[in-house]
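The chain contents come next:
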Amino acid sequence: MDRIGGDLAGKTALVTGGATGIGRAIATALYKHGVHLVIADIDGEAAQAAAAAISSEVVAITMDVTKRESVEAGFAEAAAALGRIERVVANAGVSTMKPALEITDADWNLNIDVNARGVFLTNQIACRHFVDRNIKGAICNTASLAGKVGAPLLAHYSASKFAVIGWTQALAREMAKHGIRINAVCPGFVRTGMQYREAIWEAELRGMTPQAVLDEYVALTPLGRIEEPEDVAGVVAFLLSDAARFMTGQSVNVTGGVYMT
Ligand SMILES: NC(=O)c1ccc[n+]([C@@H]2O[C@H](COP(=O)([O-])OP(=O)(O)OC[C@H]3O[C@@H](n4cnc5c(N)ncnc54)[C@H](O)[C@@H]3O)[C@@H](O)[C@H]2O)c1
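Quick caveat, the model's predicted, so the values are computed rather than measured. (Residues numbered from 1 in each chain as written. Predicted model: local features only at pLDDT ≥ 70, side-chain atom pairs only at ≥ 80, totals over all residues.)

Visitor: With reference to specific residues and values, describe the site of the ligand.
Guide: In the region of the ligand, 32 residues are neighbours, and Gly17, Gly21, Gly93, Thr192 and Met194 sit closest. Contributing elements (two or more residues each) for the shell around the ligand: α1 (21-32), α4 (105-133) and α6 (193-206). Taken together, the residues of the shell around the ligand break down into 14 nonpolar, 15 polar and three charged. (Near = placed C-beta within 6 Å. Helix = DSSP H or I, 4+ residues; strand = E, 2+ residues; numbered from the N terminus. Nonpolar A, V, L, I, M, F, W, Y, C, P; charged D, E, K, R; others polar.)

Pasting the structure below:
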């Protein structure tokens, strides 16, 4: 039998939020599978640095997933560089942390804009690209454990990630007739810049140390450690590959067992 993900070799992909953290690990994993890549991030300099660290073949572009013109221009630039785009990872995301009664309109708008609207725009423009060119494409969205179960101090973030899961299911049903698959991953407590910021906020809000917060994350994780970005990246590569050819509309937990349904 072929190696899992072996069919990805020679394919083209665009990864949003690929400059750091989980997105960068996904880009690295896809490159190792032989994928021709564009890293798209609002932080263009960080995207350039991440691309250069993976390979001089990787293309970096500046793209803000909250702005339709920026996503359209990003896809046009990526398609000009790679010919066409066959796989898309909508991974860009943000978080802020506050008790629900203190969440401001700005907190709500930022989380919903980047995490929900960003996935909507990236997916819609990707699917138009696929349908117009008769590409049997695949998409993986980065949702979250907080998109499966409400997360205290992250109510607005949770709302944005529940939206990603609902959108993923509905879009998967609509796109199936075109041979296009849309899935999502739901990471748990992943060691990234986002987690670093959240551990400090949570420690402050709950009157504990950031290390005690991280220790709690580990205690909640049956597999007994903090999740690494690479733990997510392998599952994303699988979902984008033919090994997952009969999966669509799924939001797959990658949490070390924190959440099991
Ligand atoms: N770290 C975790 O524990 C965790 C858990 C579950 C889900 N997630 C999700 O994983 C994804 C990646 O998060 P991470 O932990 O790697 O965070 P991160 O902060 O390390 O990386 C996020 C990336 O997204 C980019 N970005 C932010 N706003 C953008 C925009 N408007 N347009 C384009 N790019 C933008 C940032 O510049 C950055 O490179 C996010 O969707 C996040 O919600 C993270």
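Following the structure, the description resumes.
Visitor: Run through α1, naming residues and quoting values.
Guide: Each α-helix turn comprises 3.6 residues. Residues three or four places apart therefore point the same way. In a regular helix each residue adds 1.5 Å, so 12 residues correspond to 16 Å; α1 covers 17 Å between its end C-alpha atoms and thus fits that length. Burial within α1 is extensive, with 10 of its 12 residues counted as buried. Every buried residue of α1 is accounted for by Gly21, Ile22, Gly23, Arg24, Ala25, Ile26, Ala27, Thr28, Ala29 and Leu30. In the stretch just after α1, glycine 34 is the one whose phi turns positive, near 90°. (Expected span 1.5 Å × (residues − 1). Buried ≥ 20, exposed ≤ 12 C-beta atoms within 10 Å, placed from the backbone.)

Visitor: Hey, could you go over the packing of α4 against helix α5 (residues 155-175) for me, with residue numbers and the actual values?
Guide: Two elements in contact, α4 and α5, have axes separated by 8 Å at closest approach and are oriented at 15°. Viewed along their axes, α4 and α5 adopt a mutual orientation that is roughly parallel. Note that α4 runs across α5; the crossing there is right-handed. Touching Asp107, Trp108, Asn111, Ile112, Asn115, Ala116, Val119, Phe120, Asn123 and Cys127 of α4 are His156, Tyr157, Ser160, Lys161, Ala163, Val164, Trp167, Leu171 and Met175, all from α5. (Axes fitted to C-alpha atoms, helices over the stretch in contact; angles between N-to-C directions. Parallel < 35°, antiparallel > 145°, perpendicular 65-115°, else oblique. Left-handed = near helix turned anticlockwise from the far one by under 90°. Contact = placed C-beta atoms within 7 Å.)

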